[in-house]
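One letter stands for each residue in the lines below.
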Amino acid sequence: MKKLLAVAAAVAAFSAHADTLTVAATPVPHAEILNFVKPQLDKEGVDLKVKEFTDYVQPNVQVAEKRLDANFFQHQPYLDEFNKAKGTQLVSVAGVHIEPLGVYSTKIKKLDELSSGATVVIPNDATNGGRALLLLDKAGVIKLKDNKNILSTVKDVAENPKSIKFRELEAATIPRVLTQVDAALINTNYALEAKLNPEKDALAIEGSDSPYVNILVARPDNKDSEDMKKLAAALHSPEVKQFIIEKYKGAVVPAF
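Residues numbered from 1 in each chain as written. Predicted model: local features only at pLDDT ≥ 70, side-chain atom pairs only at ≥ 80, totals over all residues. Heavy atoms only, no water.

- The protein is annotated in an unreviewed UniProt entry as MetQ/NlpA family ABC transporter substrate-binding protein of Pseudomonas fortuita.

### Concerning the side chain of Thr188
Logical step 1: Note on placement: Thr188 falls in helix H6 (residues 188-193).
Logical step 2: Under the relative-accessibility criterion, Thr188 is labelled buried at 0%.
Logical step 3: Looking at Thr188, its side chain comes within polar contact range of the main-chain oxygen of Pro100, at 2.4 Å.
Logical step 4: Those residues in contact with Thr188 that sit more than four places away from it in its chain are Glu99, Pro100, Leu101, Pro198, Ala251 and Val252. (Helix = DSSP H or I, 4+ residues; strand = E, 2+ residues; numbered from the N terminus. Buried < 20%, exposed > 50% of the residue type's maximum accessible area, 1.4 Å probe, protein only. Polar contact = N/O pair within 3.5 Å; in protein donor to acceptor, adjacent residues only side chain to side chain. Contact = heavy atoms within 4.5 Å.)

### With respect to the packing of aromatic side chains
Each pair of aromatic rings is reported with the distance of its centres and the angle of its planes.
Logical step 1: Tallied over the entire structure, the rule returns seven aromatic pairs.
Logical step 2: With centroids separated by 6.1 Å and ring planes inclined at 90°, the aromatic side chains of Phe243 and Tyr248 adopt a geometry described as edge-to-face. The same class applies to Phe243 as to Tyr248, namely buried.
Logical step 3: Within the aromatic cluster, the residues linked to one another by ring pairs are Tyr56, Phe73, Tyr78, Phe82 and Tyr190. (Phe/Tyr/Trp six-rings, centres within 6.5 Å; stacked < 30°, edge-to-face > 60°.)

### Let's talk about helix H8 (residues 226-235)
An α-helical turn contains 3.6 residues, so any two residues separated by three or four positions project in the same direction.
Logical step 1: By the burial criterion, the buried members of H8 are Asp227, Met228, Leu231, Ala232, Ala234 and Leu235. Seen end-on, H8 carries its buried residues on one side only, within an arc spanning 160°. (Arc of directions from axis to C-beta.)

### Examining the environment of Ser210
Logical step 1: Within the secondary structure, Ser210 is located in the loop between strand E11 (204-205) and strand E12 (213-218).
Logical step 2: Spatially, the C-alpha atom of Ser210 lies 15 Å from that of Leu185, the residues being 25 residues apart in sequence.
Logical step 3: What Ser210 contacts, discounting residues up to four positions off in sequence, is Ile98 and Arg131.

### A closer look at the sheet that holds strand E2 (residues 46-52)
Two strands in a sheet stick together by hydrogen bonds in their backbones, pointing the same way (parallel) or opposite ways (antiparallel).
Logical step 1: Read from one edge of the open sheet, six strands run E2-E1-E3-E12-E4-E13, paired in mixed fashion. Each of the sheet's edge strands pairs with one partner strand only, and the pair in question is E2 and strand E13 (253-254).
Logical step 2: Two elements, strand E1 (residues 19-25) and E2, share seven bridges in a ladder whose sense is parallel. If you follow Ala24 over to E2, its bridge partner there is Lys51.
Logical step 3: Along the sheet, helix H2 (residues 27-43) contacts E1, E2, strand E3 (70-75), strand E4 (91-98) and E12; its crossing angle with E2, the most-contacted strand, is approximately 165°. (Pairing = 2+ DSSP bridges. Axes fitted to C-alpha atoms, helices over the stretch in contact; angles between N-to-C directions.)

### What about the pattern of salt bridges?
Logical step 1: For the structure on display, the rule yields seven salt bridges.
Logical step 2: Asp47 is the partner of Lys38 in a salt bridge, and the nearest nitrogen-oxygen pair spans 3.3 Å.
Logical step 3: Judged by its relative accessible area of 21%, Asp47 is partly exposed.
Logical step 4: Here Arg67 ties to Glu65 by a salt bridge, and the two come within 2.6 Å at their closest N and O atoms.
Logical step 5: Under the relative-accessibility criterion, Arg67 is labelled partly exposed at 48%.
Logical step 6: Sharing partners across several salt bridges, the network here consists of Lys38, Asp47 and Lys49. (Salt bridge = Lys/Arg side-chain N within 4 Å of Asp/Glu carboxyl O.)

### Considerations on the pairing of E4
Consecutive residues of a regular strand have side chains that alternate between opposite faces of the sheet.
Logical step 1: In this sheet, E12 lies alongside E4 in antiparallel orientation, the contact comprising six bridges. Considered in E12, the bridge of Val91 is made with Ala218.

### Some details on H2
Logical step 1: For H2, with 17 residues, the first-to-last C-alpha span of 24 Å sits near the 24 Å given by 1.5 Å per residue.
Logical step 2: A maximum bend of about 35° is found in H2 at Val37, where proline Pro39 lies one to four positions downstream.
Logical step 3: All of the buried residues in H2 are Pro27, Val28, Pro29, His30, Ala31, Ile33, Leu34, Val37 and Leu41.
Logical step 4: Once H2 ends, the next one or two residues include Gly45, with phi positive near 85°. (Expected span 1.5 Å × (residues − 1). Bend = angle between axes of the 7 residues up to and from the residue.)

### A look at the packing of H2 against helix H9 (residues 238-248)
Logical step 1: Where H2 contacts H9, the axes come no closer than 11 Å and their chain directions differ by 135°. Looking at the two axes, H2 sits oblique to H9. Between H2 and H9 lies a crossing whose hand is right-handed. For the pair formed by H2 and H9, the contact residues are Val28, Pro29, Glu32, Ile33, Phe36 and Val37 on the first element and Glu239, Val240, Phe243, Ile244, Lys247 and Tyr248 on the second.
Logical step 2: Residue classes in the contact of H2 with H9 are distributed as nine nonpolar, no polar and three charged. (Parallel < 35°, antiparallel > 145°, perpendicular 65-115°, else oblique. Left-handed = near helix turned anticlockwise from the far one by under 90°. Nonpolar A, V, L, I, M, F, W, Y, C, P; charged D, E, K, R; others polar.)

### Here we look at the confidence of the model for the protein
Do not read the fine detail of predicted coordinates wherever pLDDT is low.
Logical step 1: Within the protein, residue pLDDT values average 92, and 93% of them lie at 70 or more.
Logical step 2: Predicted confidence for residues 4-16 stays below pLDDT 50, and this span has two contacts to residues more than four positions away or in other chains. (pLDDT = per-residue confidence, 0-100.)

See below:
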């Protein structure tokens, strides 16, 4: 009994002194990766709390407002555009992985089967929308005025031989309309949530050379805190690299 009481007291004392780090994340794969490193951080005195979101706006807003410590869901081009649009000063702490953007369809098996006047859905945020158009350009579906411009919009489509009708929706909602359109460009995290297999189901997908590395994001005032450094180190561990490789089988690629 005394040993049990001693253990309980030790646990209580540890809990009382453990630092809490609350991080916003989209469910797949970000929250899964964070929950994987949680036991390691527990050993280092950091109580990692993962708060799941299904949108790309509130995680940044709540970190900027100091309601959360950090977030893990986005890439640098999206963060740059968000900071510019919202006047925030969020910063990257560490790059973790790449989620290749893919083209999906329930109506065709190959992109060259797209019919004239087909409806294709792309994300409505500036960076992922441009990213989607760049992928379609690379796949030969359209031609952009500048295929190096990551912020290209549908107005920058120079050649559209199949008269494709572009529909722009919030990234998180796109899997829900997949059966209603001819094709859709879906971020891997949302594709995985929708039980799509990027390796098998994507008609076209970004290569491992994609510049869209997903990053851990914080504020200037806490980016160098000891707890944040411990989290960044855990996310760059060999164990996390192996976890990503084995669990996602190429749908998510380590970037470290």
